[in-house]
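Structural characterization, general
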Amino acid sequence: MQSQQKLILARKVLIQITLIGLSIVFLFPFAWLILTALKPIKETMTVPIKWIPSKFMWGNFYDAAVYGHDSLGYYPFVVYARNTIVLCTLIVAGTVASNSVVAYSFARLRWPGRDLAFGITLATMMVPFPVLMVPTFALFRHLEWIGTYRPLWVPSWFGSAFSIFLLRQFFRTIPFELTEAAKLDGASEWRIFRTIVLPLSKAALAVVALFSFMAAWNDFLGPLIYLLDQKNFTLSLGLQFYQSQNGGTSWNLLMAASAMVIAPVIVLFFFTQRLFIQGIAITGLKG
Amino acid sequence: MPQTPGVDRNAFTIPVLAIAVFGVLFESEQLTKAPPPDKKVHVQYWEKWTDFEFDAMKKVVDAFNKSQDKIQVDILSISSIEDKTLMAISGGIPPDVVGLYGENVTQYADNHAVITLDDMCREAGITKEDYIPAFWNVGVVRNKLYALPSTPATTAMHYNRELFREVGLDPDKPPKTFDELFTMAEKLTKREPNGHLVRTGFMPSEPGWWNWAWGPFFGGTLWDGKDKITFNSPENVEAYDWVQSFSKKYGASAMQSFQAGFNGTFSSPQNPFMTSQNAMEIQGVWMYNFVHKFSPKLDWSAAPFPAAKPNLPDPTVIDLDVLCIPTGAKHVKEAFEFLKFVETQKGLEMLCLGQKKLTPLKKVSDGFIEHHPNPFIKLFIRMAYSKTTCAAPKLGIWSQYKDEITNATSEITLMTKTPKQALDDVTNRMQPMLDKYLARLKARGEE
């Protein structure tokens, strides 16, 4: 009996060690980013890596935040952060609102051609973005939307195959008895969706919201193509300004800015971690 | 906790969220709202520069905007300019002026993505006689002018004076011939007993940006100007034999593993030239900026790159950023007014001094040299007049050709192929591509 307990304990220890080891591997680039952000420029790219800065330059974060103010007359980091938040809000709202309705229809309603439509929706995932880039650019140009935020957020209000698939999988797990009972009580589909299905799907909605937030927050290509005024740039696009073609890169400031750019995503993940992992587990997304 | 009967708090969630989203939507529209129209023509100008290079052009733009009251140039700094510009040109809403790399001009001209500037330049009195020929020529494709120079650069030998002194070399006498370069490099190279390199005197593969230039430095060409790839010419083979002689001397794997240690560190304080791991290297006028930023105490000098042959002195690579007007630009006339302003001596000197480069014009003011921070600026200007200048060939397939040469140079330095084999292979692969390219041009009526 004791030997069995020892075996279990040994297994647990082994698993923990493996997990800790893997976490360190994943934390490696992040630690490098944070520590580089705190280094003087001289120590930024040393080989072998000099992990601990000789002096912790907390001022790098301030310098990164006010970088470019002299030539542009405004604080680009602050302006780009505001622009990114505005865009992310619209994209997340659009993604959650549109995909949940479509997914509900695919999961809970019966209508002719539903499965075919779902198949076609999924097939759109196979088309890579660069293929669609020119036609969509032409479309937005025709609508005279180039130079505005509309090409970046309006599409999110028209559903995306991945989120639809994810939510549909989740909605299908909600017992039909629940909604049937509501129907017998005279509830409309909209009411069932809003008062029964949505409150039960918080975890899945959180996953969709977080994925779309991360995609919008980190998007580089979209803002690069569609925006025409530097004042309207987003954070991911703004990071380019920390390097010059023929004058060297301020790696410490670039990393300080990058750290500030990814901080909200990390904070958000920690706050929604439980919901998020629950959602991933329930929707069957885990590998 | 008593509940208020009849009030469904959830019922308010969606309307409240909807109102919040509408508020953000309103804000997003306000942020990208076009400014109220003024009486000026707005010229959209996209540039690839950031940081101090952008600041230098911004000053020129501001000066132009102040100089008159009819045209307003709106500059946009964007790093991946080629993607954005090509998308905008093919989408039919290009900017009015775009700053490109000199070696892209042919490709853009081939695709009719930029317009010719000959007539406008003639009218404005902008002539090639005012410019250093090597720079003016970059914008000319099949006898038509598609681009005007903005900021040029030439290359020279950069060397570490302290290391020269350390091994008993005179820091005021850098190598003048390739033989001297090889001998001095040997003196400056430091190895551990096991053969591992600790420091190199010179490596043809560092920084490795102009692998294609070794042939022209030996009198070779990359293309006969008509229909033949000439990469395997005897002069080119001789050049790459010289490149391989370093691998033979120091060991291909020893050089490879030494170089791997500072791979990707060019734009950082760990650049091997700044850490004194590489004593001599070919670099451009911009190297001063990097040294100044990352290693200001480094004792270095610049000198003409040694000559491979006595009749080919002062070899240098011509590098140039250019200004073009894309096809479909809405305000061509006004865009050219801006180009005219930039191309004045005052405009170009303001820009090039700000970017710490040389000016593409023959005429240089005393103030430009006097105020230039690079102590070797006169040398870089002199290099632009060298007889042995080499620039990217005017081929729309240059990027593929350059990649092929880079791969071949790796095979040569790693000694997996003899230079003759590697050069023959590139020639055999590129010739059919050139044939196709020329056929395409012919079909478009351009030869």
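Residues numbered from 1 in each chain as written. Chains lettered and ligands numbered in written order. Predicted model: local features only at pLDDT ≥ 70, side-chain atom pairs only at ≥ 80, totals over all residues. Heavy atoms only, no water.

Concerning the pattern of salt bridges
Here the idea is simple: oppositely charged side chains can pair when their charged atoms come close. Residues and elements named next belong to chain B. Within this structure, the stated rule accounts for 22 salt bridges over all chains. The partner of K417 in a salt bridge is E411, and the shortest N-O contact between them spans 3.4 Å. Of the residues examined, K417 reaches a relative accessible area of 21% and is grouped as partly exposed. Here E411 falls in the partly exposed class, since its relative accessible area comes to 23%. (Salt bridge = Lys/Arg side-chain N within 4 Å of Asp/Glu carboxyl O. Buried < 20%, exposed > 50% of the residue type's maximum accessible area, 1.4 Å probe, protein only.)

Regarding the confidence of the model for chain B
Overall, the predicted model of chain B reaches an average pLDDT of 92, with 97% of residues at or above 70. Interface confidence in the predicted complex, given as ipTM, is 0.75; pTM for the same model is 0.83. (pLDDT = per-residue confidence, 0-100.)

Here's the deal with unusual backbone geometry
Residue and element names in this part refer to chain B. Going from E206 to P207, the amide bond is cis rather than trans, its omega being 5°. By the secondary structure assignment, P207 is in the loop between β9 (197-202) and α9 (214-217). Positive phi outside glycine occurs at D314, with the angle close to 50°. Positionally, D314 belongs in the loop between β11 (300-303) and β12 (316-317). For D314, a relative accessible area of 23% corresponds to the partly exposed category. Located in the positive-phi region is K356, a residue other than glycine, with phi close to 60°. Structurally, K356 is set in the loop between α14 (345-354) and α15 (366-371). (Helix = DSSP H or I, 4+ residues; strand = E, 2+ residues; numbered from the N terminus.)

Some words on the pairing of strand β7 (residues 155-160) of chain B
Residues and elements named next belong to chain B. For β7, the buried fraction is high: six of the six residues fall into the buried class. Pairing analysis gives five bridges linking β7 to strand β10 (residues 278-284), with the strands arranged antiparallel. In the sheet register, M157 faces β10, and the bridge partner there is I282. Across four bridges, β7 lies against β11 in antiparallel orientation. Counted as the bridge partner of N160 is W300 from β11. (Pairing = 2+ DSSP bridges.)

Overview of the domain arrangement of chain B
All names here are of chain B. Each assigned domain of chain B is listed with its residue range as follows: domain 1 (41-153 + 319-380) and domain 2 (155-317 + 392-440). Just the C-alpha atoms count here: the centres of domain 1 and domain 2 sit 29 Å apart. Taken together, the contact pairs 23 residues of domain 1 with 22 residues of domain 2. Joining domain 1 to domain 2, the criterion identifies one salt bridge. Salt-bridge contacts for K402 lead to E103; the nearest nitrogen and oxygen are separated by 2.6 Å. At the surface where domain 1 touches domain 2, the tally comes to five residue pairs in polar contact (both at pLDDT 80 or more). Looking at the side of domain 1 that touches domain 2 residue by residue, the class counts come to twelve nonpolar, five polar and six charged. (Domains from an automatic or database assignment. Contact = heavy atoms within 4.5 Å. Polar contact = N/O pair within 3.5 Å; in protein donor to acceptor, adjacent residues only side chain to side chain. Nonpolar A, V, L, I, M, F, W, Y, C, P; charged D, E, K, R; others polar.)

Comments concerning the sheet that holds strand β6 (residues 148-153) of chain B
All names here are of chain B. One open sheet accounts for five strands, arranged β2-β1-β3-β13-β6; its pairing is mixed. The open sheet terminates on both sides in strands that have one partner only, identified here as β2 (71-77) and β6. Strand-to-strand twist of the sheet, defined as the mean angle between neighbouring strand axes without regard to direction, takes the value 20°. Strand direction decides the pairing type here: β6 and strand β13 (residues 319-324), joined by four bridges, are antiparallel. What sits directly across from P149, in β13, is V322. (Axes fitted to C-alpha atoms, helices over the stretch in contact; angles between N-to-C directions.)

Observations regarding the packing of helix α6 (residues 129-142) of chain A against helix α3 (residues 81-91) of chain B
Closest axis-to-axis distance for the α6 of chain A/α3 of chain B pair is 10 Å, and the angle between their directions is 60°. If you check the angle between α6 of chain A and α3 of chain B, you find them oblique. Where α6 of chain A crosses over α3 of chain B, the handedness of that crossing is right-handed. Residues M133, V134, F137 and R141 of chain A of α6 of chain A form the contact with α3 of chain B, whose own contacting residues are M87, A88 and G91 of chain B. (Parallel < 35°, antiparallel > 145°, perpendicular 65-115°, else oblique. Left-handed = near helix turned anticlockwise from the far one by under 90°.)

Some words on the interface of chain B and chain A
It is common to give the size of an interface as the accessible area that goes away when the parts come together. Taken residue by residue, the interface counts 51 residues in chain B and 49 residues in chain A. Of the roughly 4,100 Å² buried between chain B and chain A, counting both surfaces, carbon and sulfur atoms make up 60%. Together, L31, T32 and M87 of chain B form the three largest contributors to the area buried by chain B at its contact with chain A, with a combined 14%. For the pair chain B and chain A, the interface holds one salt bridge. Salt-bridge contacts for E29 of chain B lead to R150 of chain A; the nearest nitrogen and oxygen are separated by 2.5 Å. Summed over the shared surface of chain B and chain A, the result is nine residue pairs in polar contact (both at pLDDT 80 or more). (Buried area = accessible area lost by both parts, 1.4 Å probe.)

Observations concerning the sheet that holds β11 of chain B
All names here are of chain B. Spatial strand order, β8-β9-β10-β7-β11: five strands in an open sheet with mixed pairing. Pairing within the sheet leaves two strands with one partner each, and these edge strands are β8 (190-191) and β11. In the sheet, β9 pairs with β10 via two bridges, with the strands oriented parallel. Residue pairing across strands places F202 opposite M280, the latter belonging to β10. On the sheet, helix α16 (residues 377-384) packs against β7, β10 and β11 and is oriented at approximately 145° with respect to β7.

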